Amino acid sequence: MNKKDKNSRNKADADHGIPVPETKLFNTKFSRRDMLRLTGASGLGLLLGGGGVGGIMAARQAAGRAVPAAAASGQNEEQADTIPFYGKHQAGILTPAQNFLCFASFDVTTTKVSDLKKLLEDWTAAAAALTSGTMIGTANDKPNLPPTDTGEADGLTPSGCTLTFGAGPALFDSRFGLSGKRPASFTELPAFPGDSLEPQWCGGDLCVQACADDMQVAFHAIRNLARIARGTAVLRWTQEGFQRSGSADPSGGTPRNLLGFKDGTGNPDVTDETQMRNIVWSGSADGPAWMNGGTYLAVRRVRFRIEVWDRSSLSDQEATFGRHRQSGAPIGAGDEFAELNLAAADASGKPVIPPDSHSALAHGDGSVKILRRSYSYSSGMDLKTGQLDAGLVFISFQKDLMKQFVSIQQRLAKNDRLNEYMVHTGSAVFACFPGVREGGYIGELLLEG
Amino acid sequence: MKIGYAVPAGLLAASLLFAGCAGKDNSNNDGNNGNSGNNSGNNAAAQAGSGTESVAKAGGETNADFTTAIDEYRKYVIEQCDAFVKQTEGFTDAVKAGKLDEAKTLYAPARMHYERIEPIAEALGDLDPNIDARENDVDAADWRGFHKIEQALWQNNTTEGMTDVADRLLKDAQLLRAKVETAGIDANLLVTGAVELLNEVSSSKVTGEEERYSHTDLYDFVANVEGAQKIYELLKPELAKKDPALEQTIGERFTALTNELAPFKSGEGYVSYETLKPEEVRRLSQNLDALAEPLSNMGTILGV
Ligand code: HEM
């Protein structure tokens, strides 16, 4: 990444005097002084340039997300949109969801542990580069060699890129001598009623969840990791995802899924360490040491019956989720974050929030929680029906798949009103390794612990 | 047959220049700063290719001596071309004599000799389209060569109307044989050519598009891989000096791919591509990519 280029690009925009409507700029809750502070820009001319505005948005988003306080402390935007790769836990789990997702599941083709180890080492080195916006490898200017980095992210900021790695239950078969290391409750998911899983969207030995505020940055990451894997692992399936972008929703409200409802309201608070320990992180008492500080990921590719949904009335839609569409508040309440009061009844004694609504069933007695981090997907048109192939890449993190994800999904699969409007077509689970320290590599404790 | 891959073909063309054309390329070195990545690649190729004798220059900073490898490769190309002309003649004779079944039997084996050295043919002007164009690769009026006859034999089940096409095909094959004699072969061509052969497989054989009527794609597949392996074998000593790990990886991946192909052997030849299951095709493709990736780093022996 060439910082000089980037600054000069911003400068060029400013020099070209790309007009920015004052209203758009000053309608935000930030004062002009805040903006100056946030960008660290010295002149209003630069601030008013296109690049400057982007910088403010990026900085605000980053600040709103409670990622490194770089933005707020007035460092440049490049640092502001870097999320550290190394750490106690992997990034991309508690990290507030970036704009885009590129999820890849891999099959390991080698049978040698040494190859697997080399892959994870190479991936670690590449991931450190990818998440900091630097080029992969050293042969990027050798005329006789293919460049080690494919180049499409050259000159782009890290864009909040996170890469989260995990191992599927299949990796613990006989191939690599890891069968003794599989955590007891870590198996493929049981079949749920109504599942319509297609093999091309299921399973995998390894996964990489790439998230970034720029699709090209996320794609670049997966592409290069797949390239590095050639000869050792092959892609099994990939799915891209998106949500409303930070710039389309500067207030950073709860994003809406493609059914039009706010999705994520009932999530636990990621800044609450106790909750995260109880819900997300596998601790020293929870299973094998190599997973201490890790977590389990469930991913379900859920296709929406969009056309059917679009024909249902607003009240049906709201009864389906148990929430109001516009505000996201539980039915009967006005505030999005109001408690789900499942005991509330109307004059005739009927529950205000239908017990078979998605929120009611997913909430249950409130004792079992998961951390959802889903994205919407759109994969063009279903050639058979001419209908949209769109839906949700449901992703959740939990410390115990069986006790958390499975117990909720069993309730949902049986009774959820939402089932009329969707079908689960893909499914996989992965044990996401604990974080990596500098000098170590992803999954080190699994292979060498 | 390749049409869509402008850059690699360009590199090859540049490195295959007949003596005398080299001077022109120097003008490329100036100006044209817009695309420095490509530019430097082309320059390197152009320099490397300025003639058969320029091998030492091709090495740039290295003192690697590729003379033996290049001499051996030229021998190989000529051998393959000789066999190609001979077997093409057998094939065209059968076509002209109206021996449908015999023609069908001779078709794929004859082509293998061509497929092993395809990058050389591709760099020699119009020869490749004339010999190997598929329908729609060229204007209908210009379509000739193997695949036109393939269509007649398998789709229309006849040799009728193919006499002229057969005669021209044989002439084109003979012309190729004459031209390879003088083709400038250098280390750069070897390195790019090996990758090129695997790219051929990736882009048209794996998909079953190359032999869309006869479904003999596996013959081409195997021949392309053999052609690449020949180059690897010739460069191996140099590669082992420069990057032994790379040399070993490439060797292992050739073995892996060959093992993947083995079950599809049938007698002297290969089963119809139509009989492969989708997951078998995918495995072949993945093994090919696994090989082509390290192979594309053989350029490391050229220095620079
Ligand atoms: C098509 C798939 C799905 C859609 C469109 C969807 C959508 C929603 C929406 C709109 C809400 C209410 C707002 C919120 O709390 O975020 C919600 C809540 C929730 N959903 Fe889903 N969801 C889907 C699948 C699932 C699955 C497969 C699970 C887990 C097995 C799940 C678990 C939950 C949980 C735990 C809540 C929060 C309930 C609470 O308030 O405690 N959802 N979902």
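Residues numbered from 1 in each chain as written. Chains lettered and ligands numbered in written order. Predicted model: local features only at pLDDT ≥ 70, side-chain atom pairs only at ≥ 80, totals over all residues. Heavy atoms only, no water.

Thoughts on the overall build of chain A
So, point 1. Broken down by element type, chain A carries 14 helices and nine strands.
So, point 2. Classification of the 449 residues of chain A by burial places 49% in the buried group.
So, point 3. For chain A, the share of sequence-separated contacts (at least 6 apart) that also reach a separation of at least 24 residues comes to 77%.
So, point 4. For chain A, the exposed area adds up to about 19,800 Å²; of that, 53% sits on carbon and sulfur atoms. (Helix = DSSP H or I, 4+ residues; strand = E, 2+ residues; numbered from the N terminus. Buried < 20%, exposed > 50% of the residue type's maximum accessible area, 1.4 Å probe, protein only. Contact = heavy atoms within 4.5 Å. Areas by Shrake-Rupley, 256 points an atom, 1.4 Å probe, with all protein chains shown as cover.)

Observations regarding the nonpolar core
So, point 1. Formed by 78 residues in total, the largest nonpolar core has its most connected members in B:Tyr73, B:Leu176, B:Phe221 and B:Met298.
So, point 2. Excluding anything up to four places from it in sequence, B:Tyr73 contacts B:Arg116, B:Ile117, B:Ile120, B:Ile185, B:Leu190, B:Ile231 and B:Leu234.
So, point 3. Within the second largest apolar cluster, 71 residues are counted, among which are A:Ala229, A:Ala390, A:Leu412 and A:Leu447. (Core = buried A, V, L, I, M, F, W, Y, C linked by side-chain atoms within 4.5 Å.)

Some words on helix H14 (residues 278-295) of chain B
So, point 1. Across its 18 residues, H14(B) extends 26 Å between first and last C-alpha, which sits within 8% of the 26 Å expected from 1.5 Å per residue.
So, point 2. Considered for burial, the residues of H14(B) that qualify are B:Val281, B:Leu284, B:Gln286, B:Asn287, B:Leu288, B:Ala290, B:Leu291, B:Ala292, B:Glu293, B:Pro294 and B:Leu295.
So, point 3. Here the buried face of H14(B) lies against helix H8 (215-229) and strand E4 (233-242) of chain A together with helix H11 (187-205), helix H12 (217-242) and helix H13 (244-261) of chain B. (Expected span 1.5 Å × (residues − 1).)

Some thoughts on the site of the ligand
All names here are of chain A.
So, point 1. Close contacts around the ligand come from 27 residues, with Gly 264, Gly 266, His 358, His 363 and Met 422 the closest.
So, point 2. In this structure, an oxygen atom belonging to the ligand sits 2.5 Å away from a main-chain N or O atom of Gly 264.
So, point 3. At 2.9 Å from an oxygen atom of the ligand is found a side-chain nitrogen or oxygen belonging to Arg 372.
So, point 4. Secondary-structure elements contributing two or more residues to the shell around the ligand are strand E5 (295-304), helix H12 (358-363), strand E8 (388-398), helix H13 (401-415) and strand E9 (422-432).
So, point 5. Partitioning the shell around the ligand into residue classes produces 14 nonpolar, nine polar and four charged. (Near = heavy atom within 4 Å. Polar contact = N/O pair within 3.5 Å; in protein donor to acceptor, adjacent residues only side chain to side chain. Nonpolar A, V, L, I, M, F, W, Y, C, P; charged D, E, K, R; others polar.)

Section: the coordination of the iron atom of the ligand
So, point 1. Its sole protein donor being A:His358 (NE2), the iron atom of the ligand sits 2.0 Å from that atom.
So, point 2. Its place among the elements puts A:His358 in helix H12. (Donors = N, O, S within 2.8 Å, 3.2 Å for Na, K, Ca; no water.)

Let's talk about the packing of helix H9 (residues 146-155) of chain B against helix H10 (residues 163-180) of chain B
Residue and element names in this part refer to chain B.
So, point 1. As a packed pair, H9 and H10 sit with axes 9 Å apart at the nearest point and diverge in direction by 145°. Like other packed secondary-structure pairs, H9 and H10 cross with a definite hand, here left-handed. For the pair H9 and H10, contact is made by Phe 146, Lys 148 and Ile 149 and by Val 165, Ala 166 and Leu 169, respectively.
So, point 2. The class makeup of the residues in the contact of H9 with H10 is five nonpolar, no polar and one charged. (Axes fitted to C-alpha atoms, helices over the stretch in contact; angles between N-to-C directions. Left-handed = near helix turned anticlockwise from the far one by under 90°.)

Details of the domain arrangement of chain B
By convention, interface size is frequently given as the accessible area that disappears when the constituent parts associate.
All names here are of chain B.
So, point 1. According to the domain assignment, chain B consists of domain 1 (65-185) and domain 2 (186-304).
So, point 2. Placing the centre of domain 1 and that of domain 2 at their C-alpha centroids yields a distance of 21 Å.
So, point 3. With 29 residues of domain 1 in contact, the opposing surface of domain 2 contributes 33 residues.
So, point 4. Here domain 1 packs against domain 2, burying approximately 2,600 Å² in sum over the two surfaces, 63% of which is carbon and sulfur.
So, point 5. Sorting the residues of domain 1 by area buried against domain 2 places Phe 66, Met 112 and Arg 134 first, and these three jointly supply 23% of that buried surface.
So, point 6. In this structure, Arg 111 and Glu 211 form a salt bridge, with 2.8 Å as the shortest nitrogen-oxygen distance. (Domains from an automatic or database assignment. Buried area = accessible area lost by both parts, 1.4 Å probe. Salt bridge = Lys/Arg side-chain N within 4 Å of Asp/Glu carboxyl O.)

Details of the domain arrangement of chain A
Residue and element names in this part refer to chain A.
So, point 1. Domain annotation of chain A identifies domain 1 (7-255 + 436-448) and domain 2 (303-429).
So, point 2. Taken together, the contact between domain 1 and domain 2 spans 39 residues of the former and 28 residues of the latter.
So, point 3. Carbon and sulfur atoms make up 65% of the surface buried where domain 1 meets domain 2, a total of about 2,600 Å² over both sides.
So, point 4. Linking domain 1 to domain 2 there are zero salt bridges.
So, point 5. For the pair domain 1 and domain 2, the number of links is 11 residue pairs in polar contact (both at pLDDT 80 or more).
So, point 6. Taken together, the elements giving at least two residues each to the side of domain 1 that touches domain 2 come down to strand E1 (100-108), strand E3 (206-212) and E4.
So, point 7. Element by element, the count of residues in the side of domain 1 that touches domain 2 is highest for E4, at five residues.

Some thoughts on the interface of chain A and chain B
So, point 1. Contacts between the two partners involve 13 residues from chain A and, on the opposite side, 18 residues from chain B.
So, point 2. Counting the surface lost from both chain A and chain B, the interface buries some 1,200 Å², and carbon and sulfur atoms represent 52% of this.
So, point 3. Looking only at chain A, the three residues that lose the most surface to chain B are A:Pro143, A:Asn144 and A:Arg230, adding up to 47% of its buried area.
So, point 4. Remark: the boundary between chain A and chain B carries two salt bridges.
So, point 5. For the salt bridge of A:Arg230 with B:Glu293, the shortest nitrogen-to-oxygen distance reads 2.7 Å.
So, point 6. For the pair chain A and chain B, the number of links is four residue pairs in polar contact (both at pLDDT 80 or more).
So, point 7. Each residue belonging to the side of chain A that touches chain B can be placed in one class, and the counts come to five nonpolar, three polar and five charged.

Thoughts on the UniProt feature "domain: Imelysin-like" (unreviewed entry) in chain B
So, point 1. Per the UniProt record, "domain: Imelysin-like" (unreviewed entry) is found at residues 69-297 of chain B.
So, point 2. Secondary structure across residues 69-297 of chain B comprises 72% helix and 2% strand; the distance between its end C-alpha atoms is 18 Å. (UniProt positions renumbered as here; feature names shortened; annotations may be inferred.)

Some remarks on the pairing of strand E7 (residues 375-381) of chain A
So, point 1. Both E7(A) and E8(A) contribute to a ladder of five bridges, which runs antiparallel. Each residue of the ladder has a partner; that of A:Met381, found in E8(A), is A:Leu388. (Pairing = 2+ DSSP bridges.)

Digging into the packing of helix H5 (residues 67-96) of chain B against H9(B)
Residue and element names in this part refer to chain B.
So, point 1. Where H5 contacts H9, the axes come no closer than 12 Å and their chain directions differ by 35°. Like other packed secondary-structure pairs, H5 and H9 cross with a definite hand, here left-handed. Residues Phe 84, Thr 88, Phe 91 and Val 95 of H5 form the contact with H9, whose participating residues are Phe 146, Ile 149 and Leu 153.
So, point 2. Grouping the constituent residues of the contact of H5 with H9 by class yields six nonpolar, one polar and no charged.

Observations regarding the confidence of the model for chain A
So, point 1. For chain A, the mean per-residue pLDDT works out to 86, and 82% of the residues sit at or above 70.
So, point 2. Below pLDDT 50 for its whole length, residues 1-75 of chain A participates in 84 contacts with residues either more than four positions away or in separate chains. (pLDDT = per-residue confidence, 0-100.)

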